[in-house]
Amino acid sequence: MKQYQLYTTMGAGFESVVAKELQSLGYETKTENGRVFFKGNQADIVKTNLWLRTADRVKILLKEFKATDFDTLYNQVYDVDWAELLPIDAKFPVQGRSVRSKLHSEPGIQSIVKKAIVNKMSDQYHRRGFLPESGNEYPLDIHIYKDTARISLDTTGASLFKRGYRIEHGGAPLKENFAASLIKLTPYDGTHPLIDPMTGSGTLAIEAALIARNIAPGTWRKFAFDGFDWFDTSLHETALAEAKTLVRPLEQPIWASDIDQSILEIAKLNAHNAGVLQDINFKQIAVKDFATDLENGIIIANPPYGKRLKDKESAEALYKQMGEVFHKYDSFSQYYLVGDPDFEKCFGARATKKRKLFNGNLRVDFYQYWANKK
Ligand SMILES: C[S@@+](CC[C@H](N)C(=O)[O-])C[C@H]1O[C@@H](n2cnc3c(N)ncnc32)[C@H](O)[C@@H]1O
């Protein structure tokens with residue numbers, strides 16, 4: 001089977017998390033800013049799209065070249081055998097991005113690349129000037145960094161965070177791959193209890209349950225490669241069937257609570273869609289009333305912060321309450337994603353470790369408190 005140069009994209013700061021996940025799936029990796037490279041065939045494209053919990057997309061690197069002027073860009077793109085990749089009716093949107101390069105106009109780069117492909121396909125298919133673009137989508141992107149251009153085909157389509165289990169609603173839940181990445185920054189593997197005491201729509205608890213039960217995060221969705229006419233889509237069916245045999249039962253409890261009953265109803269629906277409703281103990285309870293007999297597990301939460309609370313004072317009062325309640329559960333490692341730089345002061349303890357992250361555009365910290373194991 002043909003080998004491809006593949007790479008994954010991910011949210012800022014999660015390169016090492018994605019690289020580790022790829023390595024655990026059996027790949028050798030090379031990391032760059034915002035990308036992790038690996039090699040593989042069509043079966044690997046299926047496997048990584050189906051199993052990666054923390055990445056955004058899996059792409060095929062088609063060609064890499066130096067380009068400091070539009071003629072070179074045009075010629076290098078024209079030289080690719082596009083008819084081998086794109087059928088005559090292919091829809092092929094081109095996304096352009098340029099960083100620290102002579103060619104810096106992104107719309108200009110995009111339209112030159114599009115023109116080169118249209119002209120080459122017209123020549124190859126003997127179709128002067130008109131390509132219907134009425135068929136399946138082959139998303140392309142051109143990325144120029146310090147005058148080195150890379151043209152890639154996206155095999156994923158809608159980002160991998162769109163697992164397909166979540167119902168849409170007005171809140172601001174964590175993205176699924178962001179939540180999975182946070183869990184991957186903890187030692188959680190399902191062999192210890194996990195508690196999310198401010199669970200909202202349940203993303204952290206659901207992603208934890210998927211990890212614990214070894215359920216493939218891409219189980220419910222289609223990928224761009226399903227529409228590629230040269231792609232052996234029976235590989236997808238085989239991988240899905242194999243994934244079903246790898247599901248295991250939950251070993252240790254997962255608890256998810258929130259003060260707000262209506263958001264818990266959404267969390268339950270999401271958990272139901274993900275097939276893990278029976279694995280999560282949902283409970284309406286305020287932090288101040290929280291109690292558990294469980295030990296040696298993980299507490300992980302994304303408490304309200306920043307703009308989401310009208311009043312910074314009430315958020316900080318909640319952090320103080322969290323400190324009063326959760327300090328006594330010191331056999332648990334505790335992880336809090338918060339955008340307030342005064343969190344440690346309010347919580348009443350310095351974190352063992354902090355990690356700077358971005359939740360969308362919001363600069364946040366992942367405060368990590370390691371357990372005193374009993
Ligand atoms: C930022 S949201 C969590 C979002 C969640 N991680 C998700 O992906 O949907 C914070 C949650 O904390 C809950 N909350 C606020 N105050 C609380 C309290 N005193 N006790 C328990 N939960 C509280 C809110 O109802 C909200 O659902």
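Summarised in this report is the structure supplied together with it. Values in this document were obtained by computation on a predicted structure and should not be read as measured data.

## Thoughts on helix α6 (residues 176-184)
Burial within α6 is extensive, with eight of its nine residues counted as buried. Regarding α6, the residues found buried are Glu176, Asn177, Phe178, Ala179, Ala180, Ser181, Leu182 and Ile183. Summarising the contacts, the buried residues of α6 are in contact with α1 (15-24), α7 (203-212), β11 (298-301), β12 (333-338), β13 (353-359) and β14 (362-369).

## Overview of the sheet that holds β13
Taken in spatial order, the seven strands of this open sheet run β10-β9-β8-β11-β12-β14-β13, and their pairing is mixed. Of all the strands in the sheet, just β10 (280-284) and β13 have a single pairing partner and so form its edges. Taking the axes of each pair of neighbouring strands and ignoring which way they run, one obtains an average angle of 15 degrees across the sheet. Alignment of strand β8 (residues 194-196) against β11, held across two bridges, turns out to be parallel. When the bridges of β11 are listed, Leu194 appears paired with Ile298. Helix-sheet contacts for α6 involve β11, β12, β13 and β14, and the interaxial angle to β13 is about 170 degrees.

## Observations concerning the pattern of salt bridges
When their charged atoms lie close together, side chains carrying opposite charge are able to pair. In total, this model carries 18 salt bridges according to the counting rule given. Glu133 serves as the salt-bridge partner of Lys114, at 2.8 Å between the closest nitrogen and oxygen. On the criterion of sequence distance, the pair formed by Lys114 in helix α5 (residues 106-124) and Glu133 in the loop between α5 and β6 (140-145) is long-range, its members being 19 residues apart. On the basis of relative accessibility, which here comes to 23%, the residue Lys114 falls in the partly exposed class. The salt bridge partner of Lys268 is Glu265, with a shortest N-O separation of 3.7 Å. Of the two residues, Lys268 and Glu265 both sit in helix α9 (residues 261-273), three residues apart, roughly one turn of that helix. Exposure remark for Lys268: the relative accessible area of 28% places this residue in the partly exposed category. Because the salt bridges share partners, they merge into one network encompassing Lys312, Glu316, Asp340, Asp342 and Lys345.

## Some remarks on the site of the ligand
The full set close to the ligand counts 18 residues, and Leu174, Ser201, Thr203, Asp258 and Val287 are the nearest of them. Separating a nitrogen atom of the ligand from a backbone N or O atom of Val287 is a distance of 2.9 Å. At a separation of 3.0 Å, a nitrogen atom of the ligand approaches a polar side-chain atom of Asn302. Protein coverage of the free-state accessible area of the ligand, which is 610 Å², stands at 86%.

What counts as what
Residues numbered from 1 in each chain as written. Predicted model: local features only at pLDDT ≥ 70, side-chain atom pairs only at ≥ 80, totals over all residues. Heavy atoms only, no water. Buried < 20%, exposed > 50% of the residue type's maximum accessible area, 1.4 Å probe, protein only. Helix = DSSP H or I, 4+ residues; strand = E, 2+ residues; numbered from the N terminus. Contact = heavy atoms within 4.5 Å. Pairing = 2+ DSSP bridges. Axes fitted to C-alpha atoms, helices over the stretch in contact; angles between N-to-C directions. Salt bridge = Lys/Arg side-chain N within 4 Å of Asp/Glu carboxyl O. Near = heavy atom within 4 Å. Polar contact = N/O pair within 3.5 Å; in protein donor to acceptor, adjacent residues only side chain to side chain. Areas by Shrake-Rupley, 256 points an atom, 1.4 Å probe, with all protein chains shown as cover.

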